[in-house]
Every structure is written in structure tokens, then in C-alpha cells.
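Residue-level listing of the chains:
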Amino acid sequence: MKLIGSLTSPYVRKVRIVMAEKRLDFQLVLDDVWASDAILASNPLGKVPCLVMEGGEAVFDSRVIVEYLDSLSPVGRLIPPAGRERMEVRTWEALADGLLDAAMLARMEAIWPGRSAAQRSQPWIDRQMSRVHAALRAMSQGLGDKPHCAGTHFSLGDIAVGCALGYLDLRFAPIDWRDEYPNLRKLADKLAARASFADTLPPAA
Ligand code: GSF
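Asker: Explain the pattern of salt bridges here, please?
Answerer: One side chain can pair with another of opposite charge once the charged atoms of both are near each other. The full count for this structure, using the stated rule, is eleven salt bridges. Here arginine 90 makes a salt bridge to glutamate 93, at a shortest N to O gap of 2.9 Å. Here arginine 90 and its partner glutamate 93 are both found in helix α3 (residues 83-111), three residues apart, which amounts to about one turn of the helix. Glutamate 93 sits in the buried class, given a relative accessible area of 0%. For the salt bridge of arginine 178 with aspartate 169, the shortest nitrogen-to-oxygen distance reads 2.8 Å. We classify arginine 178 as partly exposed; its relative accessible area is 32%. In this structure, a network of salt bridges that share partners links the residues Lys14, Arg63, Glu67, Arg86, Arg90, Glu93 and Asp97.

Written as C-alpha cells, this is what we have:
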């Protein structure tokens, strides 16, 4: 399997962590979607991550990829098979990915070179950043004093939240989520000790 992606994308990191936790072998093909259109040959949406299977079929987006990878073996199940527990884990993932979607929209509004200074909208950035802060609040409330996001086990929910927090460190360093939400800091510290997280830390911005 080939995984097309970048070392800084948090969605790609989520997939790489799942691969590592599941002990799956893959080749990482680096692609900067902002500098080239090469990704369009595999994913018409022009986004990474994109998984290219042995037969050449392309799989996207990250949620579909991780669901597929988790189904490949029962080793270290990251998504419960059914029911309420599954819904809970997927909702944590949606919350973490949603934080990222809002953060990306805000960042691109502020820095995408295709937009002139006059075209940038501060109210739009503020709207997206309010979603980021609301998602952080919801994560902290949902986690409470539990050891993991969903249930008592490490799951895709923890992975997604860890990637979202890592992205804030990379691109939104002034947001002091550790100070504001000590329970998220505790979770992040625990996750950082896992090889899958340590080995996929994004290079400094
Ligand atoms: C989001 C992927 C995405 O936005 C997923 O796979 O979960 N819902 C999708 N990827 C970004 C890269 S990033 O993490 O910076 C991307 O490829 N953006 C290119 C674009 O044109 O939006």
C-alpha cells in the first residue's frame, strides 16, 4: 500500500498512527498539495491523505482510510465493531477532525497566497476560530477525568484528538490549550509516549 501525504498534515498523521498501531506496512509518498497538482491523478478532490492499494484503487478521505485499515486485522482494534461504542468513537473523531477543518479554513483564509489582503475576511477567520475553541471545550468536557476519550480503552478517538492537538501546537502555538484544559494536556502527554505518536511528530514549522 502507498500512502500519499505530507509530514505536516494532521489527517495524514492520523492514518500513519493507525498504520503503526496496527503494525501495517506501507510506503509513504510525500506530496505537497499546495505546490503541485500531482495528487489529482489519485484523488479528484486534490487532498491528502490518499491511500493507493496494490491494484491501484485510491481510497480517501482519512476517515474512510482508517476504517478500512482497522478492518484489516483484529490486532489492536481501534474502532468498536458496532453500536453505541462505535458511534462514540466516531463522534470523537468527527469532533477532532471538525476542529482541524475549522482551523485549516481559518489558516488558509489568513495565508493562502491566491487571496489578496483585501480579500481576506477577519469575520470568517473569527467564525472558524470560535469553532476551534468550542471543539476544545467540548473535548475537555467529554474527556472529564477519564483515561481515554471513549470508554476505558485507547481508540481512534484518542488518536484523532491527539492529532488535532498536535496540529494546534504546529500552526496555532499561541493557543494555550494545555494551560486551559489540564485534562487534555494529561491525555496528550500519555499519547506522546506512544511510539506511533513520537515517530509521526510533525517537523517544526
Ligand atoms: C481532509 C483532508 C485535507 O483537508 C480527510 O482526509 O480527512 N476530510 C479530509 N487535507 C489537506 C492537507 S492538510 O492536512 O493540510 C489538503 O489536502 N488540502 C488541500 C486542499 O486543496 O484543500
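Asker: When you look at the environment of aspartate 31 in this model, what are you seeing that I'm missing?
Answerer: Secondary-structure assignment places aspartate 31 in the loop between β2 (27-30) and β3 (50-52). With a relative accessible area of 11%, aspartate 31 lands in the buried category. Separated by 87 residues in sequence, aspartate 31 and alanine 118 have C-alpha atoms that sit 30 Å apart. Apart from residues no more than four positions distant in its own chain, aspartate 31 is found in contact with Ile4, Gly5, Ser6, Ser36, Ala38 and Ile39. Reaching out from aspartate 31, the side chain makes a polar contact with the backbone nitrogen of isoleucine 39 at a distance of 3.5 Å.

Asker: I would appreciate a short explanation of the site of the ligand in the present structure.
Answerer: Around the ligand sit Ser9, Pro10, Tyr11, Val33, Trp34, Gly46, Lys47, Val48, Pro49, Asp61, Ser62 and Met104, and that is every residue in its neighbourhood. At a separation of 2.5 Å, an oxygen atom of the ligand approaches a polar side-chain atom of serine 62. Summarising the interface, the protein chains cover 80% of the accessible area of the ligand, which totals 540 Å² for the free molecule. Here the shell around the ligand is composed, by residue class, of seven nonpolar, three polar and two charged.

Asker: What should I look at first to understand helix α2 (residues 62-72) in this one?
Answerer: An α-helix turns once every 3.6 residues. As a result, residues three or four positions apart point the same way. Those residues of α2 lying buried are Ser62, Ile65, Val66, Leu69 and Asp70. In an axial view of α2, the angular spread of the buried residues amounts to 130°, which keeps them on one side of the axis. Buried positions along α2 lie against α1 (10-21), β3, β4 (58-59), α3 and α5 (156-171).

Asker: What should I look at first to understand the environment of arginine 86 in this one?
Answerer: When you line up the elements, arginine 86 lands in helix α3. For arginine 86, a relative accessible area of 22% puts it in the partly exposed group. Distance from arginine 86 to leucine 156, taken between C-alpha atoms, is 10.0 Å for residues 70 residues apart in sequence. When near neighbours in sequence (up to four residues on either side) are disregarded, arginine 86 contacts Glu67, Ile79, Pro80 and Pro81.

About the thresholds
- Positions within a chain are numbered from 1, following the residues in the order the chain's sequence is written.
- Since the coordinates come from a predicted model, pLDDT governs what is reported: local features require at least 70, and pairs of side-chain atoms require 80 or more to be given and counted, while whole-chain, interface and lining totals use all residues.
- Side-chain calculation: all heavy atoms of the structure are included, whereas hydrogens and water are not.
- Here, a salt bridge means any side-chain nitrogen of Lys or Arg that lies within 4 Å of a carboxyl oxygen of Asp or Glu.
- Under the DSSP-based scheme used, a helix requires at least four consecutive residues in state H or I and a strand at least two consecutive residues in state E, with every element numbered from the N terminus.
- The rule is simple: take the accessible area with a 1.4 Å probe, protein chains only, and divide by the maximum for that residue type; under 20% is buried, over 50% is exposed, in between is partly exposed.
- Pairs of residues are marked as contacts when any of their non-hydrogen atoms sit within 4.5 Å.
- Pairing of N or O atoms within 3.5 Å defines a polar contact, subject to two protein rules: one partner must be a possible hydrogen donor and the other a possible acceptor, and residues neighboring in sequence count only if both atoms are side-chain atoms.
- Whether a residue is near a molecule or strand depends on its heavy atoms: it is near if one of them lies within 4 Å of it.
- Exposure was quantified through the Shrake-Rupley algorithm and a 1.4 Å probe, taking into account, for residues, occlusion by the shown protein chains and nothing else.
- Note on residue classes: Ala, Val, Leu, Ile, Met, Phe, Trp, Tyr, Cys and Pro are nonpolar, Asp, Glu, Lys and Arg are charged, and everything else, Gly too, is polar.
- Within this analysis, the arc is defined by the directions that extend from the helix axis to the C-beta atoms.

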